[in-house]
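# Chain and residue survey
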Amino acid sequence: MSANQRLNLREKYQKFTRDLAWEPSYQKKSDIFPQTDFEGIHIHDWDKWEDPFRLTVDAYWKYQAEKEKKLYSIIDAFAQNNGQLNVTDARYINALKLFLTGVSPLEYAAHRGFAMAGRQFGGVGPQVSCQMQSIDELRHVQTQIHTISHYNKYFNGFHDWQHMHDRVWYLSVPKSFFDDAMSAGPFEFVTAISFSFEYVLTNLLFMPFMSGAAFNGDMATVTFGFSAQSDESRHMTLGLEVIKFMLEQDERNVPIVQKWIDKWFWRGYRLLALVSMMMDYMLPKRVMSWKEAWEMYFEQNGGALFEDLARYGIRMPKYWEVTVKEKERLSHEVWSTFYNYDHAAAFHSWVPDEAEMQWLTTKYPHTFDQYYRPRFEHWQSQTDKGERWYNNTLPMLCQTCQIPMVFTEPDDPTTTCYRSSDYKGEKYHFCSDGCKDIFDDEPEKYVQAWLPVHQIYQGNCGGASVPEVLEWYHLRDGEDNKDYLYSQDRANWLKWKGLTEEAERTLKAVVNG
Amino acid sequence: MVNKNNNVYIALQNNEESRPLIEAIEHDNSDARVEFYPAMVKIDAPGRLVIRRETVEDLIGRDWDPQEIHINLISLSGNVIEDEDQFGLERAN
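All figures in this text were calculated on a predicted structure; none of them were measured in a lab.

Criteria and cut-off values
Residues numbered from 1 in each chain as written. Chains lettered and ligands numbered in written order. Predicted model: local features only at pLDDT ≥ 70, side-chain atom pairs only at ≥ 80, totals over all residues. Helix = DSSP H or I, 4+ residues; strand = E, 2+ residues; numbered from the N terminus. Buried ≥ 20, exposed ≤ 12 C-beta atoms within 10 Å, placed from the backbone. Contact = placed C-beta atoms within 7 Å. pLDDT = per-residue confidence, 0-100. Pairing = 2+ DSSP bridges. Axes fitted to C-alpha atoms, helices over the stretch in contact; angles between N-to-C directions. Parallel < 35°, antiparallel > 145°, perpendicular 65-115°, else oblique. Left-handed = near helix turned anticlockwise from the far one by under 90°. Core = buried A, V, L, I, M, F, W, Y, C linked by C-beta atoms within 7 Å.

### Notes on the overall build of chain B
Helices and strands together make up the secondary structure of chain B, namely 3 helices and 7 strands. Starting at the N terminus, the α and β elements of chain B follow one another as β-α-β-β-β-α-α-β-β-β. Each of the three principal axes of chain B carries a C-alpha extent, and together these read 45 × 30 × 20 Å. Residue burial in chain B is summarised as follows: out of 93 residues, 46% are buried. Within chain B, counting contacts between residues at least 6 apart in sequence, those at least 24 apart form 61% of the total.

Take a look at the structure:
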């Protein structure tokens, strides 16, 4: 029996984490941890930090190694078996393009963010948790690159994802979200990412969407997704712990924490608009609708979480009611936007087929036939005439979330929602009350936002025409962008499925090229 | 809301290793509701849910460390209680 097996879990945890700390003798603590105070959070006793998972570094390596072994054997099997041919439909691959360009770089950002936060916390408990999380996030981005690199051999749009993440208009939505969190202090960062994002929101991406990936035959993606989410379970408990710790340390922390929860819930919810469309439109075989997932993971589960936190004086995040009002329109409004602007996107869009529209009608009985089906039918009729329509007017963006102003009034799905604020003689525009409030609280931060449309008009993105901007994005016109119907991806897919004639017709009809 | 909403949940990969864990949860938590989705299983329970080491060991016929849960865990919600003999989730309210 080895030494550590004789210790019980609590003692072992004590030895392997808390006992690694020391009191500084020749430097002041405030010089070593200079960012602990400026956010206004009061901490009296770092030892009161309770670690819900008593995971020590030796156990961490052991279990992570086992997860990696399982994951890589599945990725290998998927590649050897030409798994890409067994997905339901090549349209599905477009969800992975969005994932690799939009989500994977966030994993890397999280790796950096937690390394920074861990360095700034004055207690060994959160230092160790942040360190493990930082390593986890590096693992996530690596496994995602490895998994998706297989698809890069067969499909367009995967070739330069980090470059695109830093430049392409809609990818500024996830990028600015993380930049916003990383440029805050350590307590706000952890509240933003571990609690508001990971505990309250990312389950929607990593559970129903990943389950959907499995349903569509993509064993490789579901495996990296679930493997990442198993680490997230630790991160979520870290998020909950950091909230409880701040709230228990000093009552002056309560309003600050509530404000951060309000802000980051709304920021995260707006970011998840992309996930809503991945679930409702980009999975050829669907597991559940965005609306059902929102009800399950936010309204029910999030509701239970906030009832639990009520004893600390914490209430549901501000504007959560708006998210409930929007649940029957969100995915449709967002997918329509990409249909408009797909000539400048690194993935293909399409009009859902009749069976899919029927599914949407069933899942969205109050909105789909009334507001969205006629729009898709109109677009389809244009395409049938050989006039696939793209919108060449650049949209106004929300100054906070950077999404085009496409959302509608909470109580009226037929009127676009516009809000604005004046600051130092300039007018700033917002998609919602939630985004306006965030700006109004920290205008000096958000006036600096790098808004893709403004940047294009200012001449900072390669030029003023679409082809110049696409080149600056490293996007190949006619290959990576535009409608799926006349794409190389579709032509290849048909060829691989033995439908050579249809593939030829598709290639000839490439209005994209 | 009429009913108090205090559900906890655990989600596991739906694979061979999870099967005895699901069985152990059903055995020790009479209120647990098990739902299967593609590749995953989600188990909800009101207020509290526990996986006991002893129950799992009886089912698999070998020693089992509750931390092994990490390998097939997908997600969870609730306050975590963890020691040598169990892995549990609970709500304070």
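### Points about unusual backbone geometry
The residue His474(A) is not glycine, and still its phi comes out positive at about 65°. Residue classification places His474(A) among the partly exposed positions, given that 15 C-beta atoms sit within 10 Å. In this structure, Ala39(B) is a non-glycine residue whose phi angle is positive, near 70°. By the element assignment, Ala39(B) lies in the loop between strand S2 (33–37) and strand S3 (40–46).

### Details of the confidence of the model for chain B
For residues with low pLDDT, the predicted coordinates do not support detailed interpretation. Per-residue pLDDT for chain B has a mean of 92; in total, 95% of the residues score no lower than 70. Here the prediction assigns the complex a pTM of 0.94, and the interface score ipTM is 0.88.

### Description of the pairing of strand S2 (residues 412–416) of chain A
Residue and element names in this part refer to chain A. Of all 5 residues that make up S2, 0 are buried, and the element is exposed over most of its length. One ladder, built from 2 bridges, connects strand S1 (residues 408–409) with S2; its direction is antiparallel. Each bridged residue has a counterpart across the sheet, and for Glu409 the counterpart in S2 is Asp412. Taking the residues between adjacent antiparallel strands as the criterion, S1 and S2 are bridged by 2 residues.

### Let's talk about the sheet that holds S2(B)
Spatial strand order, S2-S3-S1-S5 (chain B): 4 strands in an open sheet with antiparallel pairing. Sheet topology places S2 and strand S5 (73–77) of chain B at the edges, where each strand pairs with a single neighbour. Across the sheet, the mean angle separating the axes of adjacent strands is 15° when strand polarity is ignored. In terms of strand pairing, S2(B) meets S3(B) through 5 bridges, oriented antiparallel. Residue pairing across strands places Arg33(B) opposite Asp44(B), the latter belonging to S3(B). In the packing of helix H11 (residues 203–215) of chain A onto the sheet, contacts are made with strand S1 (7–13), S2, S3 and S5 of chain B, and the angle to S5(B) comes to roughly 135°.

### Looking at the sheet that holds strand S7 (residues 86–90) of chain B
Residues and elements named next belong to chain B. If you walk across this open sheet you meet the 3 strands as S4-S7-S6, and the pairing is antiparallel. Each edge of the sheet is formed by a strand with only one pairing partner; in this case those strands are strand S4 (48–52) and strand S6 (79–83). Recorded for the sheet is a direction-independent mean angle of 10° between the axes of neighbouring strands. Both S6 and S7 contribute to a ladder of 5 bridges, which runs antiparallel. Residue pairing in the sheet places Asp83 in a bridge with Gln86 of S7.

### Considering the interface of chain B and chain A
Across the contact, 26 residues belong to chain B and 32 residues belong to chain A. Put simply, the parts of the chain that give the side of chain B that touches chain A at least two residues each are S1, helix H3 (69–72), S5 and S6 of chain B. Sorting elements by how many residues they give to the side of chain B that touches chain A places S5(B) first, with 5 residues.

### Topic: the pairing of strand S4 (residues 426–430) of chain A
All names here are of chain A. Relative to S4, strand S3 (residues 419–423) runs antiparallel, the two sharing 5 bridges. In the sheet register, Ser420 faces S4, and the bridge partner there is His429. Remark: 2 residues form the turn of the hairpin made by S3 and S4, two consecutive strands paired antiparallel; Lys424 in that turn has positive phi of roughly 45°.

### Some words on the packing of helix H6 (residues 104–120) of chain A against helix H7 (residues 124–152) of chain A
How two helices pack is summed up by the angle between their axes together with the distance between the axes. All names here are of chain A. In the contact formed by H6 and H7, the axes pass within 8 Å of each other and the chain directions differ by 160°. Relative to H7, the element H6 is oriented roughly antiparallel. Note on packing geometry: the crossing formed by H6 with H7 is left-handed. Across the interface between the two elements, Ser104, Glu107, Tyr108, Ala110, His111, Phe114, Ala115, Ala117 and Gly118 of H6 pack against Gln127, Cys130, Gln131, Gln133, Ser134, Glu137, Leu138, His140, Val141, Gln144 and Ile145 of H7.

### Observations regarding the nonpolar core
Residues Leu274(A), Met278(A), Ala11(B) and Leu49(B) are the most contacted members of the largest nonpolar core, which totals 161 residues. Among the elements that line this core, the one with the most residues is helix H12 (residues 219–249) of chain A, at 12 residues. The contacts of Met278(A), once residues within four sequence positions are left out, are Ala95(A), Leu98(A) and Phe209(A). Core analysis: the second largest hydrophobic core is formed by 8 residues, Val351(A), Leu360(A), Tyr364(A) and Phe368(A) among them.

### As for the environment of Leu96(A)
Residues and elements named next belong to chain A. With respect to the secondary-structure elements, Leu96 resides in helix H5 (residues 93–102). Judged by C-beta crowding, with 26 C-beta atoms within 10 Å, Leu96 ranks as buried. Separated by 169 residues in sequence, Leu96 and Phe265 have C-alpha atoms that sit 25 Å apart. Setting aside anything within four residues of it in sequence, one finds Leu96 in contact with Ile148, Tyr151 and Thr221.

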